[in-house]
Amino acid sequence: MLISTSFLSSKNLIHDLVELDKTDTDYIHVDIMDGKFVKKKTMPFKEMRNIYKYTNKRLDVHLMVKNPKKYIEDYASLNTEYISFHIESDENIEKNLQLIKEYGIKSGLAISPDTEIKELVPYLPLLDLVLVMSVEPGAGGQDFIVKTKDKIKELKILLSEYNSDVKISVDGGVNDRTKEYCTDCDILVSGSYIINGDDLQKKIDSLR
Ligand code: DX5
Ligand code: ZN
């Protein structure tokens, strides 16, 4: 199982990034919020980009924003493996997925708890990843919504019907107990469970 560590709940960003760099986390999950798609707002890119000098890990960017285009352009300039934006966002989805691919970055669509899996069907040919939200987007430290396990199963079946090799990632409330709901996933995103502890590597090991 691949692990993508979110530092949304970090109280000391640079310290935690330096510590995470010493672990074998596969990605750093970067949560970006615009104050419109979700209530909270993250720092502007010109401040954010300085933080990533402290890690050599590839970034897994999650855009919780209404208008993804300008964020895609910004985050494409970093050491980015995936950029995912929400299927519930406002701009043209195909165009934004194509834009990500033009930068040579893997494209993802994030899907909020109330959105149905079948909405993804038209976009499957343009996707590398589906980021299934197991909490309402907008904050770390929430409880895993248990019915997400049915959505993951439904997605897995859908992908096999379409003979698709799109990867499945799950994001929100993932810990050593809730990981049992996510066995059909390729990537687990976990934030507060990993960050709120002394031994980050041990926490990561417990999720693999
Ligand atoms: C929620 C974010 C998640 C979250 C993960 O809006 O997209 O990435 O911060 O953190 P935990 O694991 O604390 O739910
Ligand atoms: Zn996220």
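All values reported here derive from a predicted model rather than from experimental measurement. (Residues numbered from 1 in each chain as written. Chains lettered and ligands numbered in written order. Predicted model: local features only at pLDDT ≥ 70, side-chain atom pairs only at ≥ 80, totals over all residues. Heavy atoms only, no water.)

Trainee: Can you explain the overall build of the protein chain? Please cite residues and give values.
Mentor: Looking only at helices and strands, the protein chain features 7 helices and 8 strands. Computed over C-alpha atoms, the radius of gyration of the protein chain comes to 16 Å, within 12% of the 17 Å expected from 2.2 N^0.38 for 208 residues, which places it in the range of a compact globule. Principal axes of the C-alpha set define a box for the protein chain whose edges measure 40 × 35 × 30 Å. Sorting the 208 residues of the protein chain into buried and exposed places 51% on the buried side. Within the protein chain, contacts between residues at least 6 apart in sequence are counted, and of these 61% link residues at least 24 apart. Counting only carbon and sulfur atoms, one obtains 47% of the accessible surface of the protein chain, whose full area is about 9,800 Å². Computed over 29 positive and 35 negative side-chain charges, the inter-centroid distance for the protein chain is 3 Å. (Helix = DSSP H or I, 4+ residues; strand = E, 2+ residues; numbered from the N terminus. Rg over C-alpha atoms; globule rule 2.2 N^0.38 Å. Buried < 20%, exposed > 50% of the residue type's maximum accessible area, 1.4 Å probe, protein only. Contact = heavy atoms within 4.5 Å. Areas by Shrake-Rupley, 256 points an atom, 1.4 Å probe, with all protein chains shown as cover. Lys, Arg positive; Asp, Glu negative; His and termini not counted. Charge placed at Lys NZ, Arg CZ, Asp CG, Glu CD.)

Trainee: With reference to specific residues and values, describe the coordination of the zinc ion (ligand 2).
Mentor: The protein atoms that coordinate the zinc ion (ligand 2) are H29 (NE2), D31 (OD), H62 (ND1) and D171 (OD), at distances of 2.1 to 2.3 Å. Counting residues between consecutive donors of the zinc ion (ligand 2) along the chain gives the motif H-x1-D-x30-H-x108-D. Of this pair, H29 sits in strand 2 (residues 27–33) while D171 sits in strand 7 (residues 167–171), placing them 142 residues apart in sequence. Of the two residues examined, H29 and D171, each falls in the buried class. (Donors = N, O, S within 2.8 Å, 3.2 Å for Na, K, Ca; no water.)

Trainee: Talk me through the nonpolar core; I want residue IDs and the actual numbers.
Mentor: Most often, soluble globular proteins keep nonpolar side chains buried together rather than apart. Ranked by size, the top nonpolar core spans 55 residues in total, and within it V30, I32, L63, Y75, L109 and L155 carry the most contacts. Ignoring any residue separated from it by four or fewer positions in sequence, one finds L63 in contact with I32, P68, Y71, I72, I83, S84, F85 and H86. (Core = buried A, V, L, I, M, F, W, Y, C linked by side-chain atoms within 4.5 Å.)

Trainee: Break down unusual backbone geometry for me, citing the residues and quoting the values.
Mentor: If you check the backbone angles, N163 has positive phi at about 55° while not being a glycine. Here N163 shows up in the loop between helix 5 (148–161) and strand 7. A relative accessible area of 74% places N163 in the exposed class.

Trainee: Help me get a handle on the pattern of salt bridges, residues and values and all.
Mentor: Applying the stated rule across the entire model yields 10 salt bridges. Where D26 meets R208, a salt bridge forms, and the shortest distance between an N and an O atom there is 2.8 Å. In this pair, D26 is assigned in the loop between helix 1 (13–21) and strand 2 and R208 in the segment after helix 7 (200–207), connecting sequence segments 182 residues apart. A salt bridge links E81 to R58, with the nearest nitrogen and oxygen atoms 2.8 Å apart. Separated by 23 residues along the polypeptide, E81 in strand 4 (residues 80–86) and R58 in strand 3 (residues 58–64) bring together distant segments of the chain. When its relative accessible area of 33% is taken as the criterion, R58 is described as partly exposed. Each of D24, D26 and R208 takes part in one network of salt bridges that share partners. (Salt bridge = Lys/Arg side-chain N within 4 Å of Asp/Glu carboxyl O.)

Trainee: Kindly report on the packing of aromatic side chains, identifying the contributing residues and their values.
Mentor: Evaluation of the coordinates by the stated rule reveals 4 aromatic pairs. Ring centres 5.8 Å apart and planes at 80° place the aromatic pair Y27 and Y82 in the edge-to-face group. Pair noted here: Y27 is in strand 2 and Y82 is in strand 4, with a separation of 55 residues, a long-range link. Summarising the burial analysis for this pair, Y27 and Y82 share the class buried. Ring geometry for F45 versus Y75: centroids 4.9 Å apart, planes at 70°, classification edge-to-face. With a gap of 30 residues between them, F45 in helix 2 (residues 45–51) and Y75 in helix 3 (residues 69–75) connect regions that are remote in the sequence. (Phe/Tyr/Trp six-rings, centres within 6.5 Å; stacked < 30°, edge-to-face > 60°.)

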